[in-house]
Amino acid sequence: MATTLEVKIAGLLRIGRADEIGEGQSRGFDPHDCGEDTMFVVRWGGVLQVWRNACPHVDGAPMAWRKDGYLNADGSRIVCHAHGAEFLPDSGMCVQGPCVGKRLTAVPIAIDTHGDLLVTEE
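Just so you know, the residues in each chain are numbered from 1, in the order the chain's sequence is written. Per-residue local features are limited, in this predicted model, to residues with pLDDT of at least 70; the limit for side-chain atom pairs, both in listing and counting, is 80 or more; totals at the level of whole chains, interfaces and linings are taken over all residues. To obtain the side-chain values, all non-hydrogen atoms of the structure were included, while hydrogens and water were left out.

Draft legend 1. Looking closely at the sheet that holds strand 6 (residues 86–87). With antiparallel pairing, three strands are arranged side by side in an open sheet as 5-6-7. Unpaired on one side and paired on the other, strand 5 (78–79) and strand 7 (94–96) mark the two borders of the sheet. Note that strand 5 and strand 6 share two bridges and pair antiparallel. The residue bridging valine 79 from the neighbouring strand is glutamate 86, located in strand 6. For two strands to be treated as a pair, DSSP must find at least two bridges joining them. Secondary structure elements are taken from DSSP: a helix is a run of H or I of four residues or more, a strand is a run of E of two residues or more, and numbering for both begins at the N terminus.

Below, the structure written as structure tokens:
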């Protein structure tokens, strides 16, 4: 496992553990302690995807309707609470709403041998 120093040198931040996010679930993260979740993780089809918490319809608009509330009721789509836009969880592509054809911004992710989620510094 990378030490805190090694993670800083590599330009990566630990945001949580992979096993804390179940299939069809999402979780927001505030890796820089700025007071709001700037990214969120979704597990879809067994794969973890990390997205910036910003709707492409209105630059910087936060997506969640409540803490960690990024998905619709059945966990099949990411939804922007402000605009009703719906995005595919595996590609970030908007398939319904005011930004159809645009994508969420992906954040590169790594999972270390101990299951820690690591992202590049923003």
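Draft legend 2. View of the sheet that holds strand 8 (residues 109–111). The strand order across the open sheet built from three strands is 1-9-8, with neighbouring strands paired in antiparallel fashion. Among the strands making up the open sheet, the edge pair consists of strand 1 (12–17) and strand 8. Across the sheet, the mean angle separating the axes of adjacent strands is 30° when strand polarity is ignored. The sheet contact formed by strand 1 and strand 9 (residues 116–120) spans five bridges and is antiparallel. Opposite glycine 16, over in strand 9, you have leucine 117 as the bridge partner. Structural elements are reduced to axes, namely lines fitted to C-alpha atoms, with helices fitted over the stretch in contact, and the angle between N-to-C directions of any two is expressed from 0 to 180 degrees.

Draft legend 3. The nonpolar core, seen in detail. Judged by nonpolar contacts, the single largest core of 16 residues is most densely connected at Phe40, Cys55, Met63, Ile78, Phe87 and Leu104. The residues contacting phenylalanine 40, other than those within four sequence positions of it, are Arg27, Gly28, Gln49, Val50, Trp51, Arg52, Asn53, Met63, Tyr70, Ile78 and Leu104. Think of a nonpolar core as a cluster: buried Ala, Val, Leu, Ile, Met, Phe, Trp, Tyr and Cys residues, connected wherever their side-chain atoms sit within 4.5 Å. Each residue gets one of three labels from its accessible area relative to the maximum for its type: buried under 20%, exposed over 50%, partly exposed in between, using a 1.4 Å probe on protein chains only. Throughout, a contact is declared for two residues whenever any of their heavy atoms are within 4.5 Å.

Draft legend 4. Local environment of the environment of tyrosine 70. Structurally, tyrosine 70 can be placed in the loop between strand 4 (47–52) and strand 5. Residue tyrosine 70 is classed as buried on the basis of its relative accessible area of 1%. For the pair tyrosine 70 and cysteine 80, spaced ten residues apart in the sequence, the C-alpha separation amounts to 7.2 Å. When sequence neighbours within four positions are dropped, the list of residues in contact with tyrosine 70 reads Ser26, Arg27, Gly28, Asp37, Met39, Phe40, Asn53, Met63, Ala64, Arg77, Ile78 and Val79.

Draft legend 5. Spatial organisation of the state of the cysteines. For this text, the term disulfide refers to a pair of cysteine sulfurs within 2.5 Å. As enumerated under the stated definition, the model contains zero disulfides in all. No disulfide involves cysteine 55; its nearest neighbouring cysteine sulfur is the one of cysteine 80, lying 3.8 Å away.

Draft legend 6. A look at the pattern of salt bridges. Think of a salt bridge as a Lys or Arg side-chain nitrogen and an Asp or Glu carboxyl oxygen that are within 4 Å of each other. Applying the stated criterion across every chain, the model contains seven salt bridges. With a closest N to O distance of 3.1 Å, aspartate 19 and arginine 17 form a salt bridge. Owing to a relative accessible area of 58%, aspartate 19 belongs among the exposed residues under this scheme. With a closest N to O distance of 2.9 Å, arginine 77 and glutamate 86 form a salt bridge. Exposure remark for glutamate 86: the relative accessible area of 18% places this residue in the buried category. Salt bridges sharing common partners tie together Arg14, Arg17, Asp19 and Asp116.

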